[in-house]
Amino acid sequence: MTQTTFGYLTAENAPLFTDMYELRMMQAYYNQGHNPRATFSLFFRELPPNRGYMVTAGLEQSIHYIENISFSERTIEFLTEQGFDDEFLSHLNSLEFTGKVRALPEGTLVFANEPMVEVTVPILQAQLLGTAVINQIGFQTLIATKASRMRDVIDRDGNDQQLVDFGSRRSHGTDAGIKAARAAYIGGFDGTSNAAAGELFDVPVFGTMAHSWVQSFESERDAFETFVAEHGEDSILLIDTYDTVNGAQIATDVADEMGVDIRGVRLDSGDLPALSKEVNKVAPALDQYISSGIDEYALKEFFERDGIGSGFGPGTALVTSTDAPKIEGVYKLVAVERDGRMCPTMKLSKGKVTYPNAKSVLRTEEGGRYTEDIIGLRDEELPGEDLLRTVIEDGTRVADLPDLDTIRATAREQRRKLPAKHRRIEDPETYDVAVSDKLQTKTGELRASLEQRLNK
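Reading the values: the criteria
- Residues numbered from 1 in each chain as written.
- Predicted model: local features only at pLDDT ≥ 70, side-chain atom pairs only at ≥ 80, totals over all residues.
- Heavy atoms only, no water.
- Helix = DSSP H or I, 4+ residues; strand = E, 2+ residues; numbered from the N terminus.
- Buried < 20%, exposed > 50% of the residue type's maximum accessible area, 1.4 Å probe, protein only.
- Contact = heavy atoms within 4.5 Å.
- Areas by Shrake-Rupley, 256 points an atom, 1.4 Å probe, with all protein chains shown as cover.
- Axes fitted to C-alpha atoms, helices over the stretch in contact; angles between N-to-C directions.
- Parallel < 35°, antiparallel > 145°, perpendicular 65-115°, else oblique.
- Left-handed = near helix turned anticlockwise from the far one by under 90°.
- Nonpolar A, V, L, I, M, F, W, Y, C, P; charged D, E, K, R; others polar.
- Pairing = 2+ DSSP bridges.
- Core = buried A, V, L, I, M, F, W, Y, C linked by side-chain atoms within 4.5 Å.
- Salt bridge = Lys/Arg side-chain N within 4 Å of Asp/Glu carboxyl O.
- Expected span 1.5 Å × (residues − 1).
- Polar contact = N/O pair within 3.5 Å; in protein donor to acceptor, adjacent residues only side chain to side chain.

## Examining the overall build of the chain
In terms of helices and strands, the chain carries 15 helices and 19 strands. Taking the principal axes of the C-alpha coordinates as reference, the chain spans close to 85 × 55 × 40 Å. Going through the 456 residues of the chain one by one, you find that 50% of them count as buried. A sequence separation of at least 24 residues applies to 74% of the contacts in the chain between residues at least 6 apart. With the model as given, the accessible surface of the chain reaches about 21,200 Å², and the carbon-plus-sulfur share is 46%.

Now the structure itself:
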């Protein structure tokens, strides 16, 4: 089996990252000559618990996937073994995306029922995209939002402390760890401990030491002296292997005796707010970097208890979004071509009703604060700026994708424009998202028409 280190998806087999029912529908579309243009919307119906907003992320990977769809000899061979028709597989062999993609730029704040991506293309192509696009955008949006909440606590209660992703080893797979580092940077983190993410995305990379370093020496002093001799002023010494306060004293003594102005010390266990104050008494000149169990709730408690720290290394809670570990993105058909024109369509099932038609998302603000979003029909004249941008037209990219620093700045600016009551980490107030009169009317008319047909 051909595979890359730690992973299985390559350019050769990426199109197979889809559910089998998508491929079966695609074959049926092809064999039955039923391939109308269709518009699909990607959105989530509700926010996860205690989330007043979400930060969009993952669009770049989705666009790359769409642009590079290509069924290789390897994928065709596999699908042949699964019993797919030769004629259909011949069609897949030359398949490429020919449609339109409109999307919210990464870093945009988004709320329930707002389209994050809309795809308009013949339905055979559209069907293939759902699994991959939900996967890429859903996960990174979840992590970018978790990161944003941590950065927001620091912005409000802290002193511009550093945030570094320490979560790779606890992530749900290598790809998740790398994507989490990217998403965390979008959400406001300063960097990651993951070297691969640093190389792939040009995210700043940071590192200290592990307990194993200290334990491998005869004494804590020997461990610190050897590390400082190697790394000099870049040294951050892990002081909680045996006794945290005593370790801080040893770190101070070593730095003074060696005449090196080290960067600081790291605390990784215990009552962190209390210990940070004890450490500050014996090592007031050293910056403290805090890890172990860090999330937005721990940060808030840390500041409320007057903890002392220059930076934090969230890990598990970040990369798994522990308190709210899922966002249920959906990719739904909202319009389909019939008799040469696009006609609205929607689901009616209880709890899963969708709004029909291609849409716009407009945002209004007053005095530098967001006041309301409006979901309307595409090209409908409504107040505010339409947030959905055309990225691909007729299969060709028509817009550049911004770099990560630009995306990160967008996320921070938009977060600051959202009133604080919607950003609370517990029980945030619901931000106003209105549905335009025209969209409500179209929805009601379509619902009545569909129910009439069902009752015949």
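## Points about the packing of helix α5 (residues 123-157) against helix α14 (residues 404-417)
For the pair α5 and α14, interaxial distance at closest approach is 11 Å and the crossing angle is 60°. Of the possible angle classes, the one that applies to α5 and α14 is oblique. As for the relative orientation of α5 and α14, their crossing is right-handed in sense. Mapping the contact onto sequence places Ser 148, Arg 151, Asp 152 and Asp 155 in α5 and Arg 412, Arg 415 and Arg 416 in α14. Of the residues contributing to the contact of α5 with α14, the split by class is no nonpolar, one polar and six charged.

## Details of the pairing of strand β14 (residues 359-366)
Of all eight residues in β14, six are buried, a share of seventy percent or more. Where β14 lies against strand β15 (residues 369-377), eight bridges are found, and the strand directions are antiparallel. Following the sheet pairing, Val 361 is matched in β15 by Ile 375. With two bridges joining them, β14 and strand β16 (residues 385-386) adopt antiparallel strand pairing. Bridge pairing in β16 links Leu 362 to Asp 386.

## What about the nonpolar core?
Ranked by size, the top nonpolar core spans 61 residues in total, and within it Phe 224, Leu 237, Leu 299 and Phe 312 carry the most contacts. Phe 312 has contacts with Ile 154, Gln 161, Gln 162, Leu 163, Val 164, Ile 290, Ile 294, Leu 299, Phe 302 and Phe 303, leaving out every residue within four places of it along the chain. Ranked by size, the runner-up nonpolar core spans 46 residues in total, among them Ile 66, Leu 104, Val 133 and Ile 327.

## As for the pattern of salt bridges
On inspection of all chains with the given rule, the structure shows 39 salt bridges. Residues Arg 221 and Glu 225 are paired through a salt bridge, measuring 3.8 Å at the closest nitrogen-oxygen approach. Here the residue Arg 221 and the residue Glu 225 both occupy positions in helix α9 (residues 220-231), the gap between them amounting to four residues, near one helical turn. Residue class for Glu 225 comes out partly exposed when judged on its relative accessible area of 27%. By sharing partners, the salt bridges in this structure join Asp 152, Asp 155, Arg 156, Arg 412, Arg 415, Arg 416 and Arg 423 into a single network.

## Description of unusual backbone geometry
A positive phi angle is found at Asn 113, which is not glycine, with a value near 70°. Classification of Asn 113 by relative accessible area gives partly exposed; the value is 26%. For Asp 394, which is not glycine, the phi dihedral falls at a positive 50°. Residue class for Asp 394 comes out exposed when judged on its relative accessible area of 61%.

## A few points about α14
End to end, α14 covers 20 Å across 14 residues, agreeing with the expected 20 Å (1.5 Å per residue, within 8%). Those residues of α14 lying buried are Leu 404, Ile 407, Arg 408, Ala 411, Gln 414, Arg 415 and Lys 417.

## Section: the sheet that holds strand β7 (residues 191-192)
Read across the sheet, six strands follow the order β7-β6-β11-β10-β9-β8 without closing on themselves; strand pairing throughout is parallel. Here the strands that pair on one side only, and so sit at the sheet edges, are β7 and β8 (236-238). Examined bridge by bridge, strand β6 (residues 162-165) and strand β11 (residues 311-313) share two bridges and lie parallel to one another. Of the residues in β11, the one forming a bridge with Gln 162 is Gly 311.

## Notes on the environment of Lys 359
Within the secondary structure, Lys 359 is located in strand β14. A residue is classified by how much of its surface remains accessible, and Lys 359, at 4% relative accessible area, is buried. Filtering out sequence-adjacent residues up to four positions away, Lys 359 remains in contact with Ser 41, Arg 102, Pro 115, Glu 118, Val 334, Ile 375, Gly 376, Leu 377, Arg 378, Leu 388 and Leu 439. At 2.7 Å, the side chain of Lys 359 forms a polar contact with the backbone oxygen of Asn 357.

## What to know about the sheet that holds β14
Overall, mixed pairing links the four strands, which are arranged β16-β14-β15-β19 in an open sheet. Because the sheet does not close on itself, it has two edges, and the strands there are β16 and β19 (433-435). Set on the sheet, α14 makes contact with β14 and β15; between it and β15 the angle comes to about 105°. Set on the sheet, helix α15 (residues 437-454) makes contact with β14, β15 and β19; between it and β15 the angle comes to about 40°.

Any functional reading would require information beyond the geometric quantities listed.
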